[in-house]
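# Survey of secondary and tertiary structure
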Amino acid sequence: MFDVIASSTHLDAWAAHDLDGEPIDWDTLFEGYAATVDFPCCLHVSELLEKYPDAKVILTVRDPEEWHRSYSKMHKMVWWIRLLTSPFIPRARKYFAWTWATIVDGVFHGTLSRPSNLAVYHAHVAFIRAAVPRDRLFEFDVRDGWAPLCAFLGVDEPSAAFPCSNRGNGLVGKRLGEMAWEGVREGKGW
């Protein structure tokens, strides 16, 4: 999601695809990338599996209640950033129009209610389990660290400790705020 925010090319491609039904050139969009995580790609798993039939898929699982608390906190922070930036920054306006239509209203039905969000979480996990061939799917709990993840990917474990930077502290909202402020401060209009 950070690259969608940081790159007008990515934002334009995603908005045109998700809001206007324009085809997306996956190879151009992913040029220079070896992997993708989170939104918006998790909404396009079927398309991506068709385009990249040998791709491995990692389904990150966690305690659903913990996920709901983290998502709700992040959503509230992003809501304020949207309110404060959209009237003044055209790119922020476009970004939030896309994310609200696609993710907030589209996936989460415009609610932060616990029952609705938990249903969305469980439906997503079930969808991924059904859509991805078992030999290409790895269900990963970050508490397990590097070993099982690296084994699935067929790579050596890094010597660095496994990162734990998103513990419900609004990482996405915090980064959105930083990027918006940088754009305003530098006169770039985000």
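Residues numbered from 1 in each chain as written. Predicted model: local features only at pLDDT ≥ 70, side-chain atom pairs only at ≥ 80, totals over all residues. Heavy atoms only, no water.

Here we come to the overall build of the chain. Across its full length, the chain carries nine helices and two strands. Classification of the 190 residues of the chain by burial places 37% in the buried group. In the chain, the share of contacts with a sequence separation of at least 24, taken over all contacts with a separation of at least 6, comes to 65%. Counting only carbon and sulfur atoms, one obtains 57% of the accessible surface of the chain, whose full area is about 11,100 Å². (Helix = DSSP H or I, 4+ residues; strand = E, 2+ residues; numbered from the N terminus. Buried < 20%, exposed > 50% of the residue type's maximum accessible area, 1.4 Å probe, protein only. Contact = heavy atoms within 4.5 Å. Areas by Shrake-Rupley, 256 points an atom, 1.4 Å probe, with all protein chains shown as cover.)

Take helix α7 (residues 114-131) next. The terminal C-alpha atoms of α7 lie 26 Å apart, and with 18 residues this matches the ideal 26 Å at 1.5 Å per residue to within 8%. Within α7, the full set of buried residues consists of S116, N117, L118, V120, Y121, V125 and I128. Looking at the buried residues of α7, the elements they touch are α4 (45-51), β1 (57-60), α5 (64-85) and β2 (137-140). Looking at where α7 begins, the residue whose side-chain oxygen comes 3.3 Å from the main-chain nitrogen of S116 is S113. (Expected span 1.5 Å × (residues − 1). Polar contact = N/O pair within 3.5 Å; in protein donor to acceptor, adjacent residues only side chain to side chain.)

Okay, the packing of helix α2 (residues 8-20) against helix α6 (residues 90-105) next. Axis separation between α2 and α6 bottoms out at 10 Å; the angle between their running directions is 40°. Comparing the axis directions of α2 and α6 gives the class oblique. Once α2 is placed against α6, the crossing between them reads as left-handed. Of α6, the residues touching α2 (which contributes S8, L11, D12, W14, A15, D18 and L19) are R91, K94, Y95, W98, A101 and T102. (Axes fitted to C-alpha atoms, helices over the stretch in contact; angles between N-to-C directions. Parallel < 35°, antiparallel > 145°, perpendicular 65-115°, else oblique. Left-handed = near helix turned anticlockwise from the far one by under 90°.)

Another aspect to go through is the environment of T60. Residue position: T60 is located in strand β1. Note: C-alpha distance between T60 and F138 (78 residues apart in sequence) is 8.3 Å. Apart from residues no more than four positions distant in its own chain, T60 is found in contact with F140 and V142.

The biggest cluster of nonpolar side chains holds 20 residues, and the ones touching the most others in it are W14, W26, Y95, F96 and W98. Looking at this core, the elements with two or more residues in it are α1 (2-6), α2, α3 (26-29), α5 and α6. Per-element accounting of this core gives the leading share, six residues, to α6. Formed by 17 residues, the second largest nonpolar core is a distinct cluster that contains V45, L59, V61 and W67. (Core = buried A, V, L, I, M, F, W, Y, C linked by side-chain atoms within 4.5 Å.)

Okay, the packing of aromatic side chains next. Evaluation of the coordinates by the stated rule reveals 16 aromatic pairs. For the ring pair Y71 and F108, a centre distance of 4.2 Å and an interplane angle of 20° mean the geometry is stacked. Placement of the pair is Y71 in helix α5 and F108 in the loop between α6 and α7, with a sequence separation of 37 residues. One exposure class covers both Y71 and F108, and it is buried. Ring centres of Y95 and F96 lie 5.0 Å apart, and the angle between their planes is 75°; this geometry places the pair in the edge-to-face category. An aromatic cluster of at least three residues, connected via ring pairs, comprises F39, W67, Y71, F108 and Y121. The ring of F152 has K56 lying over it, and the distance from NZ or CZ to the ring centre is 5.1 Å. The ring centre of W100 lies 4.2 Å from the NZ or CZ of R82, which sits over that ring. (Phe/Tyr/Trp six-rings, centres within 6.5 Å; stacked < 30°, edge-to-face > 60°. Lys NZ or Arg CZ within 6 Å of the ring centre and 35° of its normal.)

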